[in-house]
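Inside the fold
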Amino acid sequence: MQEIVVQQEDPRTRRIRELDAMLTAAIDARDMADLQLATDAVEEEHMEEEVREKYDKACALLEQLLARDAETKRRELEEAEREAAEAKRKMEEAEAEAERRRKAEEEAARIREAERLAEEARKRWARIWPRVQVLRALNAVDADAKAKAMEEARRAREEEERQKREEEERRKRALACKEMLRGALKANTIETLENAIKHTERETFQTTLMEHDDELKRLYAEAREALEKLRKEEEERRLAEERRLEEERRIAEEKRQAALARVGEIEIILKRGISDRNIDLLKSGIKQAEDNFLQKDLFPDYDNAKVLLERLEKIEKVKKNIMELKRPLIAELKSMANPPVPVIKAMTGAFLLMGEKASYLKEWNNIVILLNKTGQLSVKRRVQELQIESVTEEIAKSAEDTLFGLSSDEVYEANQAASLFYDWADMICYEYKQLKN
């Protein structure tokens with residue numbers, strides 16, 4: 001029988017054909033999500049050159065759609081802000097009208113209360129005027145007796161009014177103390193109970209308030225009892241916490257003593273992690289030191305490793321943020337025709353560290369060209385793959401001089417994407433100096 005030979009299609013060729021079809025479908029559909037998905041797929045597999053024409057067309061169309069979508073959202077935001085401002089104005093007008101009516105009602109209530117108090121005062125005057133003194137004054141046989149009777153009547157009236165005022169004041173003070181004690185009992189905290197008890201003791205000092213008000217006396221006693229209970233519970237918690245900490249210290253010391261034989265082993269891991277600037281080794285050494293409570297025994301390697309790990313993790317975090325930069329942010333940076341000085345300096349410093357010549361970076365268009373590169377020369381890949389050991393002293397000094405005087409906030413205000421490149425470049429410069437030292 002004649003053998004039939006089936007030639008299988010090369011996987012890379014098949015994938016290129018699939019990506020080409022994906023880009024074609026996304027372009028025809030003019031859908032942002034499909035375009036984003038298709039271009040991301042091409043970039044992830046680094047096949048931009050293989051489907052360059054349709055990839056560039058898809059990128060251009062995506063940027064147009066993003067710009068149109070941003071303009072639509074901006075207009076919607078402006079309309080929403082206008083409606084919110086109108087609603088706020090109407091709300092303020094309504095609140096002002098309500099406040100005016102409330103004040104008018106309060107004024108009318110005050111007038112009625114004043115009239116009521118005046119009537120009560122007239123009745124009280126008639127009631128407290130001592131009838132006997134009045135009769136003596138009216139029937140006095142001479143001016144002196146009449147004057148004396150009138151004076152005695154006035155003093156009697158003033159004394160009665162004084163006693164009533166004092167009684168009213170005592171009533172108000174007792175009421176205030178009771179309200180404060182009730183609130184403290186409800187809150188049930190040491191601070192509120194102490195304040196309420198001190199206030200009550202101050203108000204009732206050298207008075208008979210407590211003796212004549214059973215409710216005040218009861219609330220005061222309950223507050224004292226609650227305070228004593230809370231203080232006792234707090235003391236028990238403090239002692240329990242001390243015992244817990246002491247037990248933890250004992251266990252830690254036992255673990256440390258048991259692990260002292262491994263100090264040399266962990267020290268080697270820390271030193272290697274520091275010399276190799278290896279995050280995994282640093283984490284491993286630090287964790288073993290902390291788990292076995294050997295931080296002091298491994299001084300200064302443990303402290304140096306902690307500091308170095310923190311710096312390296314910051315650099316990795318900034319790298320991750322750069323790798324995850326969205327296309328619209330990169331597009332915004334590249335579209336700047338006349339960028340602010342902080343943006344120019346930030347991007348120049350970053351590309352200097354990547355090995356670009358300072359003379360080439362004097363033109364912003366050249367920086368845009370570098371940002372547009374793809375594949376092995378893409379700016380994201382160059383940031384990810386840069387090793388501090390490959391940075392020379394001349395390059396580091398040139399980048400540091402370029403970035404001098406800038407701050408992350410200043411660059412961020414000018415452009416968000418540029419601020420990430422500034423953070424990365426600034427950290428690389430600092431790390432180079434630490435490595436050199």
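Fair warning: this is a prediction, and the values are worked out from it, not measured in the lab.

Cut-off values and rules
Residues numbered from 1 in each chain as written. Predicted model: local features only at pLDDT ≥ 70, side-chain atom pairs only at ≥ 80, totals over all residues. Heavy atoms only, no water. Salt bridge = Lys/Arg side-chain N within 4 Å of Asp/Glu carboxyl O. Helix = DSSP H or I, 4+ residues; strand = E, 2+ residues; numbered from the N terminus. Buried < 20%, exposed > 50% of the residue type's maximum accessible area, 1.4 Å probe, protein only. pLDDT = per-residue confidence, 0-100. Contact = heavy atoms within 4.5 Å. Expected span 1.5 Å × (residues − 1). Polar contact = N/O pair within 3.5 Å; in protein donor to acceptor, adjacent residues only side chain to side chain. Core = buried A, V, L, I, M, F, W, Y, C linked by side-chain atoms within 4.5 Å. Axes fitted to C-alpha atoms, helices over the stretch in contact; angles between N-to-C directions. Left-handed = near helix turned anticlockwise from the far one by under 90°. Nonpolar A, V, L, I, M, F, W, Y, C, P; charged D, E, K, R; others polar. Parallel < 35°, antiparallel > 145°, perpendicular 65-115°, else oblique. Arc of directions from axis to C-beta.

Next up on the list: the pattern of salt bridges. Inspection of the entire model under this criterion finds 56 salt bridges. In this structure, Glu-18 and Arg-15 form a salt bridge, with 3.0 Å as the shortest nitrogen-oxygen distance. Residue Glu-18 and its partner Arg-15 are both found in helix 1 (residues 11-29); the two are separated by 3 residues, about one turn of the helix. Residue class for Glu-18 comes out partly exposed when judged on its relative accessible area of 35%. Residues Arg-162 and Glu-159 are paired through a salt bridge, measuring 2.5 Å at the closest nitrogen-oxygen approach. Of this pair, Arg-162 and Glu-159 both sit in helix 5 (residues 143-187), 3 residues apart, which is roughly one turn of the helix. Arg-162 sits in the partly exposed class, given a relative accessible area of 32%. For Glu-159, a relative accessible area of 33% gives the class partly exposed. One connected set of salt bridges, linked through shared partners, spans Lys-178, Glu-179, Arg-182, Asp-213 and Glu-215.

The next subject is unusual backbone geometry. Glycine aside, the phi torsion of most residues is negative, and most peptide linkages are trans. Geometrically, the link from Phe-299 to Pro-300 is a cis peptide bond, its omega value of 5° lying close to zero. With respect to the helices and strands, Pro-300 occurs in the loop between helix 10 (279-291) and helix 11 (301-323). Even without a glycine there, the phi angle at His-46 is positive, about 55°. Within the element layout of this structure, His-46 appears in the loop between helix 2 (32-44) and helix 3 (52-128). For His-46, a relative accessible area of 41% gives the class partly exposed. Positive phi, normally seen in glycine, also occurs at Arg-277, with a value near 55°.

Let us now look at the confidence of the model for the protein chain. Predicted confidence across the protein chain gives a mean pLDDT of 87, with 91% of residues reaching 70 or more. Put simply, helix 4 (residues 131-139) is where the protein chain has its lowest mean pLDDT, 54, and helix 13 (residues 341-353) is where it has its highest, 96. Within the model, the stretch residues 1-6 combines pLDDT values under 50 with 0 contacts to residues more than four positions away or in other chains.

Between the first and last C-alpha of helix 8 (residues 214-259) there are 67 Å, a value that for 46 residues agrees with the 68 Å anticipated at 1.5 Å per step. When we look at burial in helix 8, the residues that qualify are Leu-216, Leu-219, Tyr-220, Ala-223, Ala-226, Leu-227, Leu-230, Ala-252, Arg-256 and Ala-259. Taking the backbone nitrogen of Glu-215 as reference, a side-chain oxygen 3.2 Å away marks Asp-213 as the first, capping residue of helix 8.

The next thing to look at is the nonpolar core. Counting 41 residues, the largest nonpolar core has Met-347, Phe-351, Leu-353 and Trp-424 as the members making the most contacts within it. Top element by residues in this core is helix 18 (residues 416-436). It accounts for 10 residues. In this view, Leu-353 contacts Leu-386, Val-391, Ile-395, Ala-396, Ala-399, Trp-424, Ala-425, Ile-428 and Cys-429; residues no more than four positions away in its chain are not counted.

Position of Asp-301 among the secondary structure elements: in helix 11. In this structure, Asp-301 is in contact with Glu-267, Leu-270, Lys-271 and Ile-274, ignoring residues within four places of it in sequence.

Let us now look at the packing of helix 6 (residues 190-204) against helix 8. Packing of helix 6 against helix 8 leaves a shortest axis separation of 9 Å and a crossing angle of 145°. For the pair helix 6 and helix 8, the sense of crossing is left-handed. Counting all contacts with helix 6, which are made through Ile-190, Leu-193, Glu-194, Ile-197, Thr-200, Glu-201 and Thr-204, the residues of helix 8 involved are Leu-216, Tyr-220, Ala-223, Arg-224, Ala-226, Leu-227, Leu-230, Arg-231 and Glu-234. Class assignment for the residues of the contact of helix 6 with helix 8 results in 9 nonpolar, 2 polar and 5 charged.

Moving on, we get to the environment of Gly-355. Along the chain, Gly-355 turns up in the loop between helix 13 and helix 14 (364-372). Expressed as a C-alpha distance, the spacing of Gly-355 and Glu-44, which sit 311 residues apart in the sequence, is 24 Å.

Running from amino to carboxyl end, helix 16 (residues 393-403) crosses helix 18 at an angle of 135°, the nearest separation of the two axes being 10 Å. When the axis of helix 16 is compared with that of helix 18, the two are oblique. Here helix 16 runs over helix 18; the crossing is left-handed. Seen from helix 16, the contacting residues are Glu-393, Ala-396, Ala-399, Glu-400 and Leu-403; seen from helix 18, they are Tyr-422, Ala-425, Asp-426, Cys-429, Tyr-432, Lys-433 and Lys-436.

In this structure, Arg-311 sits in helix 11. The class of Arg-311 is buried, set by a relative accessible area of 17%. Among all residues touching Arg-311, those that are not within four sequence positions of it are Tyr-430, Glu-431 and Gln-434.

The next subject is helix 2. Between its first and last C-alpha atoms helix 2 spans 18 Å; for 13 residues at 1.5 Å apiece the expected length is 18 Å, and the two agree. Along helix 2, the positions that sit buried rather than exposed are Leu-35, Ala-38, Thr-39, Ala-41 and Val-42. The buried side chains of helix 2 occupy one side of the element, clustering within an arc of 155° when seen end-on. Opposite the buried face of helix 2, at more than 90 degrees from it, the exposed residues are Ala-33, Leu-37 and Glu-44. At the N-terminal end of helix 2, a side-chain oxygen is found 3.1 Å from the backbone nitrogen of Ala-33, two or three residues along, and the residue is Asp-31. Downstream of helix 2 by one or two residues, His-46 has phi in the positive range, about 55°.

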